[in-house]
Amino acid sequence: MYPDRYWNRQRGAGLPIALFIITVLALIVTSMAQQQESTGAAVSQQILSQRAFYAAESGAQAAVTEALYGSGCGSVPGSLSFSGSGLNGCSASLNCSVVQADIEGDAAEENVYTLVSTGQCGAGTEQATREIEVRVR
């Protein structure tokens, strides 16, 4: 097809250049896939952490209600398990302590409750824990 005189001048640089471009594009695609995977895992952990915060906050609110309107620290449950759609699979561990202090400067001492709520969501390596401390009188 080609005369012999043109055949000797061809160098064959197209194949090495094409292989280099394919290799570089494969590396770029691989790094983008790894970055997308790590971003997805970070977003998942952030959502789990936010759910644990809301579980701790809900537990603290329940503990405040029980401490103030129940019989003090004795009526605060040790833990709560949530079954609603937003906090399904989450739990809150509650701890209550009370001290008596004269806050207003009169002779009557008041009960000051320290409530610690630890919210936990997930299990194993995909677990998030958040803690909230509340003081009420």
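Structure shown above.
Below is a short write-up of the structure. What you see is a predicted model, and the numbers here were worked out from it, not measured in a lab. (Residues numbered from 1 in each chain as written. Predicted model: local features only at pLDDT ≥ 70, side-chain atom pairs only at ≥ 80, totals over all residues. Heavy atoms only, no water.)

### Side note on the sheet that holds strand 3 (residues 110-123)
Basically, it comes down to this: At least two DSSP bridges between two strands are required for those strands to pair. Going along the chain from the N terminus, every DSSP run of H or I of four or more residues is numbered as a helix, and every run of E of two or more is numbered as a strand. To define axes, lines are fitted to C-alpha atoms, for helices over the stretch in contact only, and angles between the resulting N-to-C directions are given on a 0 to 180 degree scale. Any two residues whose heavy atoms approach within 4.5 Å at even a single point are treated as in contact.
Strand order in this open sheet of four strands is 1-2-3-4, and the pairing throughout is antiparallel. Edge positions in the sheet fall to strand 1 (79-81) and strand 4 (126-136), since each of these pairs with one other strand and no more. The average undirected angle you get between the axes of adjacent strands in this sheet is 20°. Across three bridges, strand 1 lies against strand 2 (residues 90-101) in antiparallel orientation. Within strand 2, the residue paired with Ser 79 across the bridge is Ser 93. Running over the sheet, helix 2 (residues 14-69) touches strand 1, strand 2, strand 3 and strand 4 and is turned about 30° from strand 4.

### Focus: the nonpolar core
Taken as a class, soluble globular proteins show a tendency for nonpolar side chains to be buried jointly. The test is simple: The term nonpolar core refers to a set of buried residues drawn from Ala, Val, Leu, Ile, Met, Phe, Trp, Tyr and Cys, joined through side-chain atoms within 4.5 Å. Only protein chains enter the accessibility calculation, which uses a 1.4 Å probe. A residue is then buried if its area is under 20% of the maximum for its type, exposed if over 50%, and partly exposed in between.
Core analysis: the largest hydrophobic core is formed by 18 residues, its most contacted members being Val 76, Phe 82, Cys 90, Tyr 113 and Leu 115. Counting residues per element, the ones that place at least two in this core are helix 2, strand 2, strand 3 and strand 4. A total of six residues in this core trace back to one element, the largest contributor, which is helix 2. Other than its neighbours up to four places away in sequence, Cys 90 contacts Arg 51, Ala 55, Leu 80, Ser 81, Phe 82, Gln 120 and Cys 121.

### Considering the pattern of salt bridges
In a structure, side chains of opposite charge can pair up when their charged atoms sit close to one another. The cut-off we apply is this: Throughout this description, the term salt bridge denotes a Lys or Arg side-chain nitrogen within 4 Å of a carboxyl oxygen of Asp or Glu.
Going through the model one piece at a time under the given rule, you end up with two salt bridges. Across the pair Glu 110 and Arg 137 runs a salt bridge, and its minimum N-O distance is 2.8 Å. Placement of the pair is Glu 110 in strand 3 and Arg 137 in the segment after strand 4, with a sequence separation of 27 residues. Take Arg 137: its relative accessible area is 54%, and that puts it in the exposed class. In this structure, Glu 133 engages Arg 135 in a salt bridge whose closest nitrogen and oxygen atoms are separated by 3.2 Å. Residue classification places Glu 133 among the partly exposed positions, given a relative accessible area of 47%. By relative accessible area, which is 58% here, Arg 135 ends up exposed.

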